[in-house]
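What follows is each chain in one-letter form.
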Amino acid sequence: MEHELHLCDLPVGSIGKVTRLLAIGLPRRRMLDLGLIPGTKIECVRRSPLGDPTAFHIRGAIIALRYEESQQILIKPL
Amino acid sequence: MEKPSNQTSLAEILEITEATRSQNSNYIRDSIVESIYQHAEQITNIVVKQKELNKCPDRKLDDILTSPWLGYPLMLLLLGFIFWLTIIGANYPSQIIAKFLFTIESQLTGLFMRFHAPHWLYGLLILGIYRCLAWVISVMLPPMAIFFPCFTLLEDLGYLPRVAFNVDRLFKKVGAHGKQALTMSMGFGCNAAGITACRIIESPRERLIAILTNNFVPCNGRFPTLISLAIIFMGGAVFKTSSTAIATAVVVGLILLGISITLFTSWLLSKTILRGIPSSFTMELPSYRKPQIGKILIRSLLDRTLFVLGRAIVVAAPAGAMIWALANIHIGDTSIVTHIGQFLNPLGHAVGLDGFILLAFILGFPANEIVLPILIMCYLSSGTMLELKSLTAMRDLFVQHGWTWLTALNMMLFSLLHFPCGTALWTIRKETGSSKWTLLAFLMPTAIAFSVCFITTQIIRLLR
Amino acid sequence: MKLTHRSSEKKVNGRNNNIDFSDPNIKIIALAGNPNTGKSTVFNSLTGLNQHTGNWAGKTVTHAKGSFYYRNQHYVLVDLPGTYSLLANSVEEQVARDFICFNQPHATIVVLDATCLERNLNLALQIMEITPHVIICINLLDEAQRKGYFIDLNSLNIQLGVPVVGTIAREGKGLEHLKDITYQVVNNLITPKPAKLIYSSDIERTLEKITPQLEKLLGERINARWVGLRLIDGDQSLLNAIYEHIDTFPELKKESEVLKHYGETKQSNILG
Ligand SMILES: Nc1nc2c(ncn2[C@@H]2O[C@H](COP(=O)(O)OP(=O)(O)O)[C@@H](O)[C@H]2O)c(=O)[nH]1
Ligand SMILES: [Mg+2]
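All of these numbers come straight from a predicted model, not from anything done at the bench.

K.L.:
Which residues make up the packing of helix α1 (residues 9-23) of chain B against helix α8 (residues 224-233) of chain C, and what values go with them?
P.N.:
Following both chains from N to C, one finds α1(B) and α8(C) inclined at 55 degrees, their axes separated by 7 Å at the closest point. Comparing the axis directions of α1(B) and α8(C) gives the class oblique. The chirality of how α1(B) crosses α8(C) is right-handed. For the pair α1(B) and α8(C), contact is made by B:Ile13, B:Leu14, B:Thr17, B:Thr20 and B:Arg21 and by C:Gly228, C:Leu231, C:Ile232 and C:Asp233, respectively. Split into classes, the residues belonging to the contact of α1(B) with α8(C) amount to four nonpolar, three polar and two charged.

Put into structure tokens, the structure is as follows:
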């Protein structure tokens, strides 16, 4: 139950809660601006036809993140 | 860090804040944003009531438009349709505008005759400035007036971010951003517009890459050159019957080459000069909104028309005057144009072109659409820019001046790859705010154009 | 400013802009908000100008300026670049922040997307920390309705402490009301009182310590608590911006050396 997942490993259609951000610097600040703080609900909506980037539902908006970014976000699947 | 000896209150404050920051092991920003978002969440929970409704129509649309199977075909179909509509649809209005403008020219000519205006004045104003203006407007305006409204429509609908989403992976591989696909598409309309559009790329590194490489997609001003040369030198070269198909294949091949060079230079830039410049990728896919078709069409039509007219007046008019002067001022018994052409000849031959072709590109710096007319002017040693009645006439003229299919190929390559036009460079300067990047945007394509033509020529000459 | 944008607007930025701020008859109104919330649409309807609009998060460092008249009052409206926050992560954010902070518009209209309130409030709350003269414009109400959201504007007004106006900018709905509220705010008929945001206890403790001192240094012109918060965050770009406007802070001018020194040493990590 208490296991963490990288956001990039969240399957399409499932929902998780952010636990931690691993990114630093500008990417981290951009993630914060999107409202990615511990406890934020995030749903994996779809992947691009080529498999990357992936679109997530974050606080009412659909945001596409690349593998590199989503790998830097730790979540707990719900 | 050396501190002023007597502690001022500001220094004290800064010390206190720094202490707080390090106590939080530099995650103070997280804490701040958390407080703000928690507050925002609290308020939202109080004021927003959501009825249970049909789950987002947007998602269903996205299921189709970004689906693994249909995403790409639909995208290519849509973009292909816009290009087709632009090229086919522009022909007719182009002819009408040209006819209209050249009727006015002959009336103006009549007027000048009536008042016995000096020959040089007539030449400078009508054959130089007016004709160049007419050229740029009739070649440029119709395709722009079709191409850009179509794009604006897709933009307003919210489809364009989905394109970026679909293709991003390809661009990521070369260190660029998926939105570059869109700035490139805009470049097909006009490179200056494509460069301005690079503002949609938030990440500084990827934005610069997109700006510096936009030129490798041929704009509306270069398409007619590519198409004409493909038809007369490539199409007929093999079999008469399949000439259109071959010409089309050549143009498509050139576009693909342009795209490959774009990806290659993007990769090169991201690995060399632009290495380490910060980059991040978060892209919103906004919900689809119903576009206000009427308003958009009118707006974007007006905008484009103003843009083309403005450019024609600011850029093409002076260029027309200068070209006329160069062609009509003689040193000895040859015009300056011919002198320069002969001077450039050796360089031209090395890359499979000739001096006049190079000169045409140089004089066509203000606007690519006048390159071919200038070349014809040079070959005919006439004092004004000309368009020939038929493609056959153009072919005959070029062959007389020693053209082979290799010359045509090189000219197409050079047109595709050479330095950006004046407007595009000026836009780069404005967008990057730096002369250094502008210079690079000029030198890089120029070097590539010369190298590619040189290598092509040498290989073909060896093979023969 | 979007993909198919044609540059027709005058360049206005924090430092050398061509708005006559000294003219007491002109009221300056800033338009802020996330990208794609309808700022330019509001701008166009109010001023009758034609800024490019589009369904797309576009970016620019220039912003458009236009004017309109309402009840014999001349207003100049400034369309700021759309940003998700004002924490100085990009040039656009710095431009928007500097305009609100140093050019001190008589009112700032924050345009919010009704379908994505949470993230939009993030920006609104940040702006309300810089200036109290804020009007919240909840736009895209038709979209919200289509998606099944209902927003209690009254309750939002109470929660935020500033006036809230609902609009459907594209259809021109609610814009008269927006003008009316703007008129009232600008003429002090309404005094917005933004609710204070409370941060974690150590931040609050530090703020308590430094805010009074900062108030002395900065005077009335800018919100000392907010500057303190930015300093805690280590925002060097704000120090630089203050240094550039040092003439408006007589008390601080004596310490301009310290300011300059700090701005320079840490400059590199603003956008890094
Ligand atoms: N349905 C609807 N669409 C709107 C409304 N306001 C703006 N839009 C559309 O939303 C898009 C973004 O608007 P724009 O003014 O460019 O947003 P900006 O980025 O904040 O300047 C455009 O396509 C507008 O037509 C509205 O009230 N309702
Ligand atoms: Mg806008």
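K.L.:
Provide a residue-level description of the interface of chain A and chain C, including the pertinent values.
P.N.:
Many structure descriptions define interface size as the accessible area lost when the parts assemble. On the side of chain C, 15 residues touch chain A, which itself brings 10 residues to the contact. For the pair chain A and chain C, the summed buried surface comes to about 950 Å²; carbon and sulfur atoms form 40% of the total. When the area that chain A buries against chain C is broken down by residue, the three leading residues are A:Arg29, A:Asp33 and A:Arg59, summing to 57%. Connecting chain A to chain C are one salt bridge. Across the pair C:Glu118 and A:Arg59 runs a salt bridge, and its minimum N-O distance is 2.4 Å. On inspection of chain A and its partner chain C, the count reaches two residue pairs in polar contact (both at pLDDT 80 or more). Where the side of chain A that touches chain C is concerned, the elements lending two or more residues are α1 (25-33) and β5 (61-65) of chain A. By residue number, the principal contributor to the side of chain A that touches chain C is α1(A), which donates five residues.

K.L.:
Could you give an account of the pattern of salt bridges, with specific residues and numbers?
P.N.:
Tallied over the full model, the rule gives 29 salt bridges over all chains. Between A:Glu4 and A:Arg20 there is a salt bridge whose closest N-O contact spans 3.3 Å. With A:Glu4 in the segment before β1 (5-6) and A:Arg20 in strand β2 (residues 15-21), the pair connects residues that are 16 residues apart, well separated along the chain. When its relative accessible area of 44% is taken as the criterion, A:Arg20 is described as partly exposed. For A:Asp52, the salt bridge identified is with B:Lys172, shortest N-O distance 2.4 Å. Of the two residues, A:Asp52 sits in the loop between β3 (41-47) and β4 (54-58) while B:Lys172 sits in helix α6 (residues 160-173), which places them in two different chains.

K.L.:
Mind laying out the site of ligand 1, listing which residues take part and the relevant values?
P.N.:
Taken together, the neighbourhood of ligand 1 is formed by 21 residues, with B:Arg289, C:Asn36, C:Lys39, C:Ser40 and C:Thr41 sitting nearest. Chain contributions to the surroundings of ligand 1 come from chains B and C. Here B:Asp156 contributes a side-chain N or O atom positioned 2.9 Å from an oxygen atom of ligand 1. Take C:Asn139: an N or O atom from its side chain is 3.1 Å from an oxygen atom of ligand 1. Notes on ligand 1: free accessible area 590 Å², of which the protein chains cover 98%. Sorting the residues of the shell around ligand 1 by element identifies α1 (39-47) and α4 (141-146) of chain C as the ones contributing at least two each.

Basis of the calculations
Residues numbered from 1 in each chain as written. Chains lettered and ligands numbered in written order. Predicted model: local features only at pLDDT ≥ 70, side-chain atom pairs only at ≥ 80, totals over all residues. Heavy atoms only, no water. Axes fitted to C-alpha atoms, helices over the stretch in contact; angles between N-to-C directions. Helix = DSSP H or I, 4+ residues; strand = E, 2+ residues; numbered from the N terminus. Parallel < 35°, antiparallel > 145°, perpendicular 65-115°, else oblique. Left-handed = near helix turned anticlockwise from the far one by under 90°. Contact = heavy atoms within 4.5 Å. Nonpolar A, V, L, I, M, F, W, Y, C, P; charged D, E, K, R; others polar. Buried area = accessible area lost by both parts, 1.4 Å probe. Salt bridge = Lys/Arg side-chain N within 4 Å of Asp/Glu carboxyl O. Polar contact = N/O pair within 3.5 Å; in protein donor to acceptor, adjacent residues only side chain to side chain. Buried < 20%, exposed > 50% of the residue type's maximum accessible area, 1.4 Å probe, protein only. Near = heavy atom within 4 Å. Areas by Shrake-Rupley, 256 points an atom, 1.4 Å probe, with all protein chains shown as cover.

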